[in-house]
Amino acid sequence: MQEMHTHEIIPSTGKPSNLSSYEQTYATFRWEDIHAEFSWHTTGKVNMGYEAIDKHTTTHRRDKTALIYADDGGAQTFTFEEMRKFSNRFGNAFRSLGVQKGDRVFFFMPRTPEIYAGVIGALKIGAIVGPLFEAFMEGAVEDRLSDAEASVIVTTNALKSRIPKERLPHLKHIVLIDGEGELEDREASYKALIDAASEELDIEWVDLEHPMILHYTSGSTGKPKGVLHVHGAMLQQYITGHWVLDLREDDVYWCTADPGWVTGTSYGIFAPWLNGATNLIRGGRYSADRWYSTIQDYKVTVWYSAPTAFRMLMSAGDDDAERYDLTSLRHVLSVGEPLNPEVIRWGMKVYKQRIHDTWWMTETGAHMIVNVPSMDIRPGSMGKPIPGTKAAIIDDEGNEVPPYTLGNLALQAGWPSMMRRIWNNPAKYEEYFKLKGWYVSGDSAYMDEDGYFWFQGRVDDVINTSGERVGPFEVESKLVEHPAVAEAGVIGKPDPLRGSIIKAFVSLREDYVETPELLEELKQHVKTGLAAHAAPREIEVIDKLPKTRSGKIMRRVLKAKELGLPLGDLSTIED
Ligand code: WTA
């Protein structure tokens, strides 16, 4: 049976790396082995802000560059000592507004140095950080701020109109980064607050289990859920920065993700800084030229991006890559969606680098299944579980299944960066662990005879479009808010560039007829109500949506119809 399986293998280059023997470390590593790296080892208390920034200012890294912020206008740099003071000022500014330990402080702004200092500052005073994508529209912003009962939000003049403060009684302060001139009710000027704030701060020392960050993410039902992580996540964020990002003292590390997504915090803020690395952030929009010139001009050595981005770069053509000097690159990684073998082969040719796939989720807080530099890569596989964790494929009863059997990708609960709660929703949290205590990811996969994991798809209806998780229910709810729409069913339709695109099936209310203008209006309705990435690219009008007798829209049937596949078991369909 096993002889039937042959794998393409891209061997390790054999160059020195931080995790030189995966097998040996997997067999022997215990989380306790690295406790001594952190302050709680001696004091019992800890703070991510301190461990990521301040700690390094007591070492040779004090004047090392912590942050390079680059955009079309050039670059600004900040040393660890400068980041310490910058974030201290932020922490003091939040305190002057009355923010206390455990309060929720949200950030809704473009990627600039302020968001990085602000997040660290909020953590230093024990607040819980809530990052939002700049692309969110009013409905998406309201859902999250009201569920979290946020007391402060940091934003800009351009974005503040999307914060419906009249419906957010808990929101006490809106800090405007560019707030000069007239301030309205509850608004505060960032500049005035920061100018008045001291550069020195009394850190709020917290327990490892103290809440740190709240990332909202989508599931197949209900509103987005607030996934809560604690300061103790640093253990795993630190060690995966070392093993998987393979960070070294002289690296320039670039993670292309926005802090609105967990990759942009766990690996755009915490992992690099816990390892004392120089962290490059690029503001502004994507273009192949901008990205390649960023690598060339700042001599990026470690680059973490996503399949969608690599596919876009690939479609921009080899010539584009060849016009730039990309020889500084030493290590390239990917996350968010399945990494196509074709992209890996192309990366070998054009970047002269293996692209290392990593699998994890908002809920896991840090890498779980990875390819490290010393491992052979099997294109199409996500790699193997990190030392200190166990991954398995289980059936619907929670039993482990043999190699090559498709099943639920599950993790043994209890890894350090595991989410600790779903905000306001303990029942949702419990659902993840209902199969014999395993954490069930919602992904289906199989394992090969050597312990490599192979992603096959989602078990539920969650759509992954360009690496962003979109819940079909959110889009359906938004569509039926429109007066023309009676019912809506939303699916992911496979797309070569974006992984999936969003396709909506709608039935119209009486008095409405299908016109190109109406379909465009529906797309705009989702775009302006939720976010551009959540808007359906295709809308098809149908008379009646397939439903179960209990009234649930059968997205599975819509999908099978779309793809021309057999419709499967229809015994529960309405009629
Ligand atoms: C998908 C991302 C295939 C998967 C940090 C997962 C992947 C969901 C990979 C989590 C990968 C992530 N290969 N699929 N390497 N990485 N996914 O929470 O379906 O936005 O469950 O976090 O993305 O998405 P999330």
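Under an unreviewed UniProt entry, the protein chain has the name acetate--CoA ligase and belongs to Paenibacillus antri. Per UniProt, the protein chain carries the Sequence similarities (unreviewed entry) text "Belongs to the ATP-dependent AMP-binding enzyme family."

Moving on to the sheet that holds strand S25 (residues 499-508). Backbone-to-backbone hydrogen bonds join strands into a sheet, with any given pair of strands oriented parallel or antiparallel. The three strands lie next to each other as S24-S25-S26, forming an open sheet whose pairing is mixed. In this open sheet, the two strands that pair with only one neighbour each are strand S24 (485-495) and strand S26 (538-541). Neighbour-to-neighbour, the strand axes of this sheet turn through a mean angle of 25 degrees, independent of strand direction. Relative to S25, S24 runs antiparallel, the two being bridged by ten bridges. Residue pairing for S25: Glu487 is matched across the bridge by Ser507. Relative to S26, helix H16 (residues 516-529) is tilted by about 130 degrees, and along the sheet it contacts S24, S25 and S26.

Tallied over the entire structure, the rule returns one cavity of 30 Å³ or more. Around the largest cavity, the lining residues are Phe90, Ala93, Phe94, Val175, Tyr190, Leu193 and Ile194. For the lining of the largest cavity, the elements supplying multiple residues, two or more each, are helix H4 (80-96) and helix H7 (190-196). Within the lining of the largest cavity, the residues separate by chemical class into seven nonpolar, no polar and no charged.

With respect to spatial proximity, 19 residues lie near the ligand, and among them Trp261, Asp357, Thr358, Thr362 and Arg469 are the closest. Within the side chain of Asp357, a nitrogen or oxygen atom sits 2.8 Å from a nitrogen atom of the ligand. Between Thr358 and the ligand, the recorded distance is 2.7 Å, taken from a backbone N or O atom to a nitrogen atom. Taking 530 Å² as the accessible area of the ligand by itself, protein coverage stands at 98%. For the shell around the ligand, the secondary-structure elements that each account for two or more residues are helix H9 (262-274), strand S14 (355-359) and strand S21 (453-458). Its residues assigned to classes, the shell around the ligand comprises nine nonpolar, five polar and five charged.

Using the criterion set out here, one finds 29 aromatic pairs in the structure. Ring centres of Tyr50 and Trp205 lie 5.2 Å apart, and the angle between their planes is 65 degrees; on these two criteria the pair is classed as edge-to-face. Separated by 155 residues along the polypeptide, Tyr50 in helix H3 (residues 48-52) and Trp205 in the loop between H7 and strand S8 (211-217) bring together distant segments of the chain. Taken together, Trp254, Tyr286, Trp291, Tyr292, Trp303, Phe310, Tyr324, Trp346 and Tyr351 form an aromatic cluster joined through their ring pairs. A cation sits over an aromatic face here: Arg144 above Phe136, 4.3 Å from the ring centre.

Definitions and cut-offs
- Residues numbered from 1 in each chain as written.
- Predicted model: local features only at pLDDT ≥ 70, side-chain atom pairs only at ≥ 80, totals over all residues.
- Heavy atoms only, no water.
- UniProt positions renumbered as here; feature names shortened; annotations may be inferred.
- Pairing = 2+ DSSP bridges.
- Helix = DSSP H or I, 4+ residues; strand = E, 2+ residues; numbered from the N terminus.
- Axes fitted to C-alpha atoms, helices over the stretch in contact; angles between N-to-C directions.
- Contact = heavy atoms within 4.5 Å.
- 1 Å grid on protein atoms, 1.4 Å probe; cavity = no way out; pocket = protein on both sides within 12 Å on 5 of 7 lines; lining within 4 Å.
- Points joined across faces, edges and corners; volume = space filled by probe spheres on them.
- Nonpolar A, V, L, I, M, F, W, Y, C, P; charged D, E, K, R; others polar.
- Near = heavy atom within 4 Å.
- Polar contact = N/O pair within 3.5 Å; in protein donor to acceptor, adjacent residues only side chain to side chain.
- Areas by Shrake-Rupley, 256 points an atom, 1.4 Å probe, with all protein chains shown as cover.
- Phe/Tyr/Trp six-rings, centres within 6.5 Å; stacked < 30°, edge-to-face > 60°.
- Lys NZ or Arg CZ within 6 Å of the ring centre and 35° of its normal.

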